[in-house]
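Report on the structure
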Amino acid sequence: MEIVDRGYGKNNVRLFHVRREGNVHYIKDVEVNTRLTLSTIKDFVDGDNRDIIATDSQKNTVYVLAKEHGVRCIEIFAMQLTKHFLNKYPHVSKAEISIDQYNWRRIVENGKEHNHAFIASPESIRFCKVEQERYGPPRITSGVKGLKVMKTTQSAFVDFVDDEFRTLPDMDDRIFCTVVSSHWKYNRSTGVDFCKTWHKVKGEILDTFAGPADTGVFSPSVQQTLYLTEKRVLEKIPEIESMDIELPNVHHYEADFSKFKRLNITRNDEVFIPTDKPSGNIQATMARKPASKL
């Protein structure tokens, strides 16, 4: 028997950082998870604690580095943390940092953004993960989760397998609602504006889903919308190496008025019953093809 994987750290380290530039303040509301792997397993096997950096010490490191460096971009802050743990402790062989960022937007008064007053805007959660082994470069993953979107037309689902198990009818026009969960991996750690890129990816997700404001865009299936989104992102953002998206269906079923005979309701396309939880999950990962070797 042998230990095939190991690590320990501090989860759910809450951090709120305020950057003051004169009268204008900028905020970051984040939750950090740390995970360290030591070069030996004597802490597990022998109960020898001399190499353990306590999880409480890891938590304190998050606050100290936030004070020293600020938190302008979560990917940069995560790389600062991995670099710190590897540089300070020679017996740490690998450091992993995961960060969730919660969204706030400025309150707008008379068309002007407020200098220091904000309102929670929980439309999605931005997240990242940085993994770095000693003598290796940081490997960076960014993503978005909890992004719930809907369109009330320009979506269909027809011509799928028709056998003895099928009860779902063809739907030429349906409500398309989903909760986007996506992450993407970068092919480098320098020369990337991670914050700008994150907003660009989110924009591509929304643009592919919704289409032009006046006409929209037709979706024959969740699968193709997912594929087109990943294709657009990889075509437009060369620093992204691969992208994964999950799109679960949040069904909205037409209310059944067939029992109300006296009302003579022959058509219903206004009243729907939404499901509480998403289901029917669709997922795919798209990656760049490796360069051919001559």
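Each remark here, short or long, concerns the structure printed above.
Residue positions are given per chain, counting from 1 as you read along its sequence in written order. Two thresholds apply to this predicted model, a pLDDT of at least 70 for residue-level local features and 80 or more for giving and counting side-chain atom pairs, whereas whole-chain, interface and lining totals are computed over all residues. Excluding hydrogens and water, the side-chain figures rest on all heavy atoms present in the structure.

**Structural notes on the side chain of Asp100**
- In DSSP terms, a helix is any run of H or I states spanning at least four residues, a strand is any run of E spanning at least two, and both are numbered starting from the N terminus. Relative to the assigned elements, Asp100 resides in strand E3 (residues 92-109).
- The cut-offs for exposure are 20% and 50% of the maximum accessible area for each residue type, with area from a 1.4 Å probe on protein chains only; residues under the lower value are buried, those over the upper are exposed, and the others partly exposed. Its relative accessible area of 18% is what places Asp100 among the buried residues.
- Reaching out from Asp100, the side chain makes a polar contact with the side chain of Lys145 at a distance of 3.1 Å. Between N or O atoms, a polar contact is any pair within 3.5 Å; within protein, one atom must be a potential hydrogen donor and the other a potential acceptor, and residues adjacent in sequence are included only when both atoms are from side chains.

**Observations concerning unusual backbone geometry**
- If you check the backbone angles, Gln154 has positive phi at about 60 degrees while not being a glycine.
- A residue is classified by how much of its surface remains accessible, and Gln154, at 27% relative accessible area, is partly exposed.
- If you check the backbone angles, Asp159 has positive phi at about 65 degrees while not being a glycine.
- Within the secondary structure, Asp159 is located in the loop between strand E5 (139-151) and strand E6 (176-186).

**With respect to the pattern of salt bridges**
- In what follows, salt bridge is the name for a side-chain nitrogen of Lys or Arg lying within 4 Å of a carboxyl oxygen of Asp or Glu. Applying the stated rule across the entire model yields 23 salt bridges.
- Residue Asp51 pairs with Lys42 through a salt bridge whose shortest N-O separation is 3.4 Å.
- Across the pair Lys129 and Glu96 runs a salt bridge whose closest N-O atoms are separated by 3.6 Å. With Lys129 in strand E4 (residues 112-133) and Glu96 in strand E3, this pair connects stretches of sequence that are 33 residues apart.
- Using a relative accessible area of 31% as the deciding quantity, one classes Lys129 as partly exposed.
- Shared partners join several salt bridges into a network, and the residues in it are Asp5, Arg35, Lys94, Glu96, Lys129, Glu131, Glu133 and Arg139.

**Comments concerning helix H5 (residues 222-236)**
- Take the number of residues in a helix, subtract one, and multiply by 1.5 Å to get its expected span. If you check H5, its first and last C-alpha atoms are 21 Å apart, about what 15 residues at 1.5 Å a residue would give, namely 21 Å.
- Every buried residue belonging to H5 is among Val222, Thr225, Leu226, Thr229, Glu230, Val233 and Leu234, and all of these are buried. Buried residues of H5, seen end-on, are gathered within an arc of 160 degrees and therefore sit on one face of the element.
- In what follows, residue pairs with any heavy atoms lying within 4.5 Å of each other are defined as contacts. Elements in contact with the buried residues of H5: E6, helix H4 (194-210), strand E7 (240-249) and strand E10 (279-287). Here the arc refers to the directions that run from the helix axis out to each C-beta atom.

**Regarding the pairing of E3**
- Inspection of the sheet shows strand E2 (residues 24-38) paired to E3 by 10 bridges, in the antiparallel sense. Its bridge partner being in E3, Leu38 is matched across the sheet by Val92.
- Between E3 and the antiparallel strand that follows it, E4, lie 2 residues; Asn110 among them carries a positive phi value of about 55 degrees. Two strands make a pair as long as DSSP finds a minimum of two bridges between them.

**Thoughts on a nonpolar patch on the surface**
- Among the surface-exposed residues, Ile3, Ile41, Phe44 and Val45 lie close enough to one another that they form a single nonpolar patch of about 350 Å² accessible area.
- Inspection of the secondary structure assignment puts Val45 in helix H1 (residues 42-45). Residues enter a patch when their relative accessible area is above 30% and they make no salt bridge; the linking distance is 9 Å between like charges and 5 Å between nonpolar side chains (Val, Leu, Ile, Met, Phe, Trp, Tyr). Accessibility throughout is a Shrake-Rupley quantity obtained with a 1.4 Å probe, and a residue counts as covered only by protein chains that appear here.

**Quick word on the sheet that holds E7**
- If you walk across this open sheet you meet the 8 strands as E1-E2-E3-E4-E5-E6-E7-E10, and the pairing is antiparallel. For this open sheet the edge positions go to strand E1 (13-21) and E10, each flanked by a neighbour on one side alone. When the angles between neighbouring strand axes are averaged without regard to direction, this sheet yields 25 degrees.
- Across 14 bridges, E3 lies against E4 in antiparallel orientation. Across the sheet, Ser98 pairs through a bridge with Lys129, a residue of E4.
- Helix axes are fitted to C-alpha atoms over the stretch in contact, other axes to C-alpha atoms as well, and angles between N-to-C directions run from 0 to 180 degrees. On the sheet, helix H3 (residues 74-88) packs against E1, E2, E3, E4 and E5 and is oriented at approximately 155 degrees with respect to E3.

In short, shape yes, function no, at least from these values alone.
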